[in-house]
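# Notes for the structure review
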Amino acid sequence: QVQVVESGGSLVQPGGSLRLSCAASGSSSAINAASWYRQAPGKQRREWVARITSTRSTYYADSVKGRFTISRDNAENTVSLQMNSLKPEDTGVYYCYALVNSSDDVSNFWGQGTQVTVSS
């Protein structure tokens, strides 16, 4: 059974950096493409942050462009989000949404989320 797991969330001061990681596990699983979303405190909807395709094309929300970088490591089957110049408004739970190829299926999976708090 495929699982998508995020890691790397933490408390960081404004202006600081964090690197989030998204990993897929399961029989013959491979991340095809993936996006990062975030949900701010008190907000009901998740906000799209960034996306990387199978050909490494990348896309960013205007709010993070120039500060965040999404990348992938196919050998490790992971997708990362490098976040620099963090602002308090970047606070939230960050989720990975991955399109995963497995031995008999291609499906999208959400991870459980990782908390990022930007505060002094």
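### Observations concerning the overall build of the protein
If you tally the helices and strands in the protein, you get zero helices and eleven strands. Ordered by position from N to C terminus, the α and β elements of the protein give β-β-β-β-β-β-β-β-β-β-β. The globule rule puts the C-alpha radius of gyration for 120 residues at 14 Å, and the 14 Å found for the protein is close to it. In terms of its C-alpha atoms, the protein occupies a principal-axis envelope of roughly 45 × 25 × 20 Å. Taken across its 120 residues, the protein has 41% of its residues classed as buried. A separation of at least 24 residues holds for 55% of the contacts in the protein among residues at least 6 apart in sequence. Total accessible area computed for the protein in this model is approximately 6,400 Å², and 45% of it derives from carbon and sulfur atoms. Across the protein, the centroid of the 11 positively charged side chains sits 7 Å from that of the 9 negatively charged ones.

### Observations regarding the side chain of Thr78
Structurally, Thr78 is set in strand β8 (residues 78-83). Here Thr78 falls in the buried class, since its relative accessible area comes to 17%. Aside from chain neighbours lying at most four places away, what touches Thr78 is Ser21, Cys22, Ala23, Ile31, Ser71, Arg72 and Asp73.

### A closer look at the pattern of salt bridges
Scanning the model with the defined rule gives four salt bridges in all. Salt bridges sharing partners connect three or more residues here, namely Arg38, Glu47, Arg67 and Asp90.

### Section: the state of the cysteines
All chains considered together, the criterion is met by one disulfide. With its sulfur 2.1 Å from that of its partner, Cys22 forms a disulfide with Cys96. One quick way to see it: the torsion about the S-S bond of Cys22 and Cys96 is about -70°, and its sign makes the bridge left-handed. Note that Cys22 is positioned in strand β3 (residues 18-25) and Cys96 in strand β9 (residues 92-101), a separation of 74 residues in sequence. Judged by relative accessible area, Cys22 falls into the buried class, the value being 0%.

### Here's the deal with the pairing of β9
With nine bridges joining them, strand β4 (residues 30-39) and β9 adopt antiparallel strand pairing. Among the inter-strand pairings, Ile31 is bridged to a residue of β9, identified as Val100. Bridge analysis of β9 against strand β11 (residues 114-118) gives three bridges, and the strand direction is antiparallel. Paired with Val93 across the strands is Gln115, a residue of β11. Pairing between β9 and strand β10 (residues 106-110): five bridges, direction antiparallel. Its bridge partner lying in β10, Leu99 is registered against Asn108. Counting the residues between successive antiparallel strands, the hairpin from β9 to β10 contains four residues.

### Notes on the environment of Pro14
Within the element layout of this structure, Pro14 appears in the loop between β2 (11-12) and β3. Pro14 sits 37 residues away from Arg51 along the chain, and the two C-alpha atoms are 24 Å apart. With residues near it in sequence (within four places) discarded, Pro14 still touches Leu86, Pro88, Val118, Ser119 and Ser120.

### Regarding the sheet that holds β8
Strand order in the open sheet formed by four strands is β1-β3-β8-β7, and the pairing between neighbours is antiparallel. Strands at the two margins of the open sheet, each flanked by one partner only, are β1 (3-7) and β7 (68-73). Between one strand axis and the next, the sheet turns by 15° as a mean value, whatever way the strands run. Summarising the sheet, β7 and β8 pair through six bridges and their orientation is antiparallel. By the bridge assignment for β8, Phe68 is matched with Met83.

Parameters and conventions
- Sequence order as written defines residue numbering, which begins from 1 separately in each chain.
- Local features in a predicted model are, by the rule used here, given only for residues with pLDDT of at least 70; side-chain atom pairs are given and counted only at 80 or more, and totals for whole chains, interfaces and linings are based on all residues.
- Heavy atoms throughout the structure, all of them, feed into the side-chain values; hydrogens and water do not.
- The secondary structure listing takes helices from DSSP runs of H or I that are at least 4 residues long and strands from runs of E that are at least 2 residues long, numbered from the N terminus.
- Here the globule rule is a power law, 2.2 Å times the number of residues to the power 0.38, and the radius of gyration is based on C-alpha atoms.
- Each residue is assigned to one of three classes by its accessible area relative to the maximum for its type, calculated with a 1.4 Å probe on protein chains only: buried under 20%, partly exposed between the two thresholds, exposed over 50%.
- Residue contacts are defined here by distance: any two heavy atoms, one from each residue, within 4.5 Å place the two residues in contact.
- In these tables, accessible area is a Shrake-Rupley quantity obtained with a 1.4 Å probe, and a residue counts as shielded only by the protein chains included in the view.
- When charges are counted, Lys and Arg are positive and Asp and Glu negative, with His and the chain ends excluded.
- A charge is said to be at NZ when it belongs to Lys, at CZ for Arg, at CG for Asp and at CD for Glu.
- Salt bridges are identified by distance alone: a Lys or Arg side-chain nitrogen within 4 Å of an Asp or Glu carboxyl oxygen.
- Two cysteine sulfur atoms form a disulfide, by the criterion used here, when they sit within 2.5 Å.
- Whether two strands pair depends on DSSP finding at least two bridges between them.
- Lines fitted to the C-alpha atoms define the axes, with helices restricted to the stretch that makes contact. Angles between their N-to-C directions range from 0 to 180 degrees.

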